[in-house]
Amino acid sequence: MDLAVVGDGQFVTGFRLAGVQKVYEINDDNSLEEKVQDILNDSSVGILVMHSNDFDKLPETLRDTLSESVEPTLVTLGGTGQSSNLRDKIKQAVGVDLWK
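Numbers given for residues are sequential positions, taken from 1 along each chain in its written order. Thresholds applied to this predicted model are a pLDDT of at least 70 for local features of residues and 80 or more for the giving and counting of side-chain atom pairs; totals over whole chains, interfaces and linings are not thresholded and use all residues. Water and hydrogen atoms play no part in the side-chain values, which are based on all heavy atoms of the structure.

Visitor: In this structure, what is going on with the packing of helix 2 (residues 29-40) against helix 4 (residues 60-68)? I would like to understand it.
Guide: Between two packed helices, both the angle of their axes relative to each other and the distance between the axes serve to describe the pair. Here helix 2 crosses helix 4 at 35°, and the two axes come no closer than 12 Å. Along this stretch, helix 2 crosses helix 4, giving a crossing that reads as left-handed. Of the residues in helix 4, those in contact with Glu33, Val36, Gln37 and Leu40 of helix 2 are Leu62, Thr65 and Leu66. Basically, the charged four are Asp, Glu, Lys and Arg, the nonpolar ten are Ala, Val, Leu, Ile, Met, Phe, Trp, Tyr, Cys and Pro, and anything else, Gly included, counts as polar. Residues that form the contact of helix 2 with helix 4 fall into these classes: 4 nonpolar, 2 polar and 1 charged. To obtain an axis, a line is fitted to C-alpha atoms, over the contacting stretch when the element is a helix, and the angle between two such axes runs from 0 to 180 degrees between their N-to-C directions. Only DSSP runs of H or I with at least four residues qualify as helices, and only runs of E with at least two residues qualify as strands; both kinds are numbered from the N terminus onward. Handedness of each helix crossing follows the sense of rotation of the near helix against the far helix: counterclockwise by less than a right angle gives left-handed, clockwise gives right-handed. Throughout, a contact is declared for two residues whenever any of their heavy atoms are within 4.5 Å.

Visitor: Looking at this structure, I do not really get the nonpolar core. What am I missing?
Guide: Among soluble globular proteins, nonpolar side chains are generally buried collectively. To form a nonpolar core, buried Ala, Val, Leu, Ile, Met, Phe, Trp, Tyr and Cys residues must be joined to one another through side-chain atoms within 4.5 Å. Burial classes follow relative accessibility: with a 1.4 Å probe on protein chains only, a residue under 20% of its type's maximum area counts as buried, one over 50% as exposed, and anything between as partly exposed. Formed by 14 residues in total, the largest nonpolar core has its most connected members in Leu32, Val36, Leu48, Met50, Leu58 and Leu66. For this core, the secondary-structure elements that each account for two or more residues are strand 1 (2-7), helix 2, strand 3 (45-51) and helix 4. Core analysis: the next-biggest nonpolar cluster, separate from the first, contains 8 residues, Val5, Phe15, Val23 and Val75 among them.

Visitor: How do you make sense of the packing of aromatic side chains when you look at a structure like this?
Guide: To describe a pair of aromatic rings, you give the distance between the ring centres and the angle between the ring planes. What counts as a ring pair is set by centres within 6.5 Å for rings of Phe, Tyr and Trp (its six-membered ring), and what kind of pair is set by the plane angle: stacked under 30 degrees, edge-to-face over 60, tilted for all other angles. Summed over the entire model, instances satisfying the criterion amount to 1 aromatic pair. Taking the centre distance of 5.6 Å and the plane angle of 50° together, the rings of phenylalanine 11 and phenylalanine 15 count as tilted. Separated by 4 residues within a single helix, phenylalanine 11 and phenylalanine 15 lie in helix 1 (residues 9-17), roughly one turn from each other. Phenylalanine 11 gets classed as buried once you look at its relative accessible area, which sits at 14%.

Visitor: Any chance you could explain helix 1 here in plain terms?
Guide: Side chains that are three or four residues apart share a direction in an α-helix, a result of its 3.6 residues per turn. Gly9, Phe11, Val12 and Phe15 are the residues of helix 1 that are buried. When helix 1 is viewed along its axis, its buried side chains cluster within an angular range of 150° and face the same direction. Set apart from the buried face of helix 1 by more than 90 degrees, the exposed residues are Gln10 and Leu17. Buried residues along helix 1 sit against strand 1, strand 2 (22-25), strand 3 and strand 4 (73-77). In the segment just after helix 1, glycine 19 is the residue with positive phi, at about 100°. What the arc describes is the spread of directions from the helix axis to the C-beta atoms.

Visitor: What is the right way to read unusual backbone geometry from this model?
Guide: In terms of backbone geometry, most residues other than glycine have negative phi values and most peptide bonds are trans. The omega angle of the peptide bond from glutamate 71 to proline 72 is 0°, so this bond is cis rather than trans. Looking at where proline 72 falls in the secondary structure, it is placed in the loop between helix 4 and strand 4.

See below:
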């Protein structure tokens, strides 16, 4: 399973430097929605990382789909919005709480 990262240049640079292969730099909201849809249809992606502010820009139906998705599992970082709880996402993806 691959890790995919979507966001603006500042957000994705660190992931690119860390060697993540599927890094998508997005500069407008329309491109963001299209790229997230493409990633949802890519069966090789297991984890999707994006900025919480970008997640908030997506249409409600797409946000709901991502929030309920197991593959890829969404991890949001940063921002002023409500971020995903990584522990809950791992529990959803794996089916067990690894911290117990």
